[in-house]
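Each chain, letter by letter, is given below.
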Amino acid sequence: MKKLVLALVFLGVLSCQQEKIGFVDNVKLMDSYKEKLDVENRFKTRSERFTKKRDSISQAFQIEAQAFQAKAQKLSQAKAQEEYGALQQRSQFIGQQLQQEEQELQKKSQTEMDSLVSKVKKEIKKYGKANGYSFILSGGEGGSVLYGTEAHDITDAIIKILNDKYEE
């Protein structure tokens, strides 16, 4: 009988212990993280430079193509076809170079963003361990928290930690 009472008391104590759960609004977190904003701005600037370069090259090539059309009427058919073939090859080469440069820019951007996400996850884990959380869930778009009270929202604390570390 004593063992049964002790078991019930033990179960009662266990059931009274609650897991500490919090959540982070991923959208708010990333939109407020200064390093992420700096990375986006850096790549926006690079992208704008690339667009200007691409437009400039395209415009120069169009002028060259128009000049060729005017010149082609005065050339023999064989010579015109030869120069047209060379012009086409140059067009393809330029297009491939620009496409490769654009892909490299996108790849670098994605790599930096992946690194940021990894850094954020690591910081959330560290915060969770340091503050005794059993679970920290993700909220916001695509998150797993459909509802959470303000008391369990630790987004602002994580943002402050990340921004403070970034500014160091």
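Residues numbered from 1 in each chain as written. Predicted model: local features only at pLDDT ≥ 70, side-chain atom pairs only at ≥ 80, totals over all residues. Heavy atoms only, no water.

**A few points about the packing of helix H3 (residues 34–72) against helix H4 (residues 77–130)**
- Where H3 contacts H4, the axes come no closer than 11 Å and their chain directions differ by 175 degrees. Between H3 and H4, the interaxial angle falls into the category roughly antiparallel.
- Class assignment for the residues of the contact of H3 with H4 results in 16 nonpolar, three polar and 16 charged. (Axes fitted to C-alpha atoms, helices over the stretch in contact; angles between N-to-C directions. Helix = DSSP H or I, 4+ residues; strand = E, 2+ residues; numbered from the N terminus. Parallel < 35°, antiparallel > 145°, perpendicular 65-115°, else oblique. Nonpolar A, V, L, I, M, F, W, Y, C, P; charged D, E, K, R; others polar.)

**Concerning the nonpolar core**
- If you look at the biggest cluster of nonpolar residues, it comprises 25 residues, and the most contacted ones within it are Val24, Leu29, Val120, Ile124, Ile154, Ile158 and Leu162.
- Breaking this core down by element, the ones donating at least two residues are helix H2 (26–32), H3, H4 and helix H5 (155–167).
- With ten residues, the top contributor of residues to this core is H4.
- Every residue in contact with Ile154, bar those within four places of it in the chain, is listed here: Phe23, Val24, Tyr127, Tyr133 and Ile136. (Core = buried A, V, L, I, M, F, W, Y, C linked by side-chain atoms within 4.5 Å. Buried < 20%, exposed > 50% of the residue type's maximum accessible area, 1.4 Å probe, protein only. Contact = heavy atoms within 4.5 Å.)

**A word on the side chain of Glu123**
- Residue placement: Glu123 occurs in helix H4.
- By relative accessible area, which is 11% here, Glu123 ends up buried.
- Discounting chain neighbours no more than four positions away, the residues touching Glu123 are Ile161, Leu162 and Lys165.

**Some points on H5**
- Taking 1.5 Å as the rise per residue, H5 with 13 residues should run 18 Å; its terminal C-alpha atoms sit 18 Å apart, in good agreement.
- Of the residues making up H5, those classed as buried are Thr155, Ile158, Ile159, Leu162 and Asn163. In an axial view of H5, the angular spread of the buried residues amounts to 125 degrees, which keeps them on one side of the axis.
- Those residues of H5 that are buried lie in contact with strand S1 (21–25), H2, H3 and H4. (Expected span 1.5 Å × (residues − 1). Arc of directions from axis to C-beta.)

**Here we look at the pattern of salt bridges**
- One pass over the full model with this rule turns up 14 salt bridges.
- Residues Asp156 and Lys28 are paired through a salt bridge, measuring 2.9 Å at the closest nitrogen-oxygen approach. You can see Asp156 sitting in helix H5 and its partner Lys28 sitting in helix H2, a full 128 residues away along the chain.
- With its nearest N and O atoms 4.0 Å apart, the salt bridge here joins Lys79 to Glu82. Of this pair, Lys79 and Glu82 are both found in helix H4, three residues apart, which corresponds to roughly one turn of the helix.
- Accessibility expressed as a relative area gives 35% for Lys79, which makes it partly exposed.
- When salt bridges with common partners are traced through the structure, they connect Asp31, Lys36 and Glu40 into a single cluster. (Salt bridge = Lys/Arg side-chain N within 4 Å of Asp/Glu carboxyl O.)

**Looking at the side chain of Lys36**
- In this structure, Lys36 sits in helix H3.
- Contacts of Lys36, omitting those with residues within four sequence positions, involve Met30, Asp31, Met113 and Leu116.

**Regarding the packing of aromatic side chains**
- Counted according to the given criterion, the structure contains two aromatic pairs.
- Taking the ring centre of Tyr133 as reference, the NZ or CZ of Lys20 above it sits at 4.6 Å.
- Residue placement shows Arg46 over the ring face of Phe43; its charged tip is 4.7 Å from the ring centre. (Phe/Tyr/Trp six-rings, centres within 6.5 Å; stacked < 30°, edge-to-face > 60°. Lys NZ or Arg CZ within 6 Å of the ring centre and 35° of its normal.)

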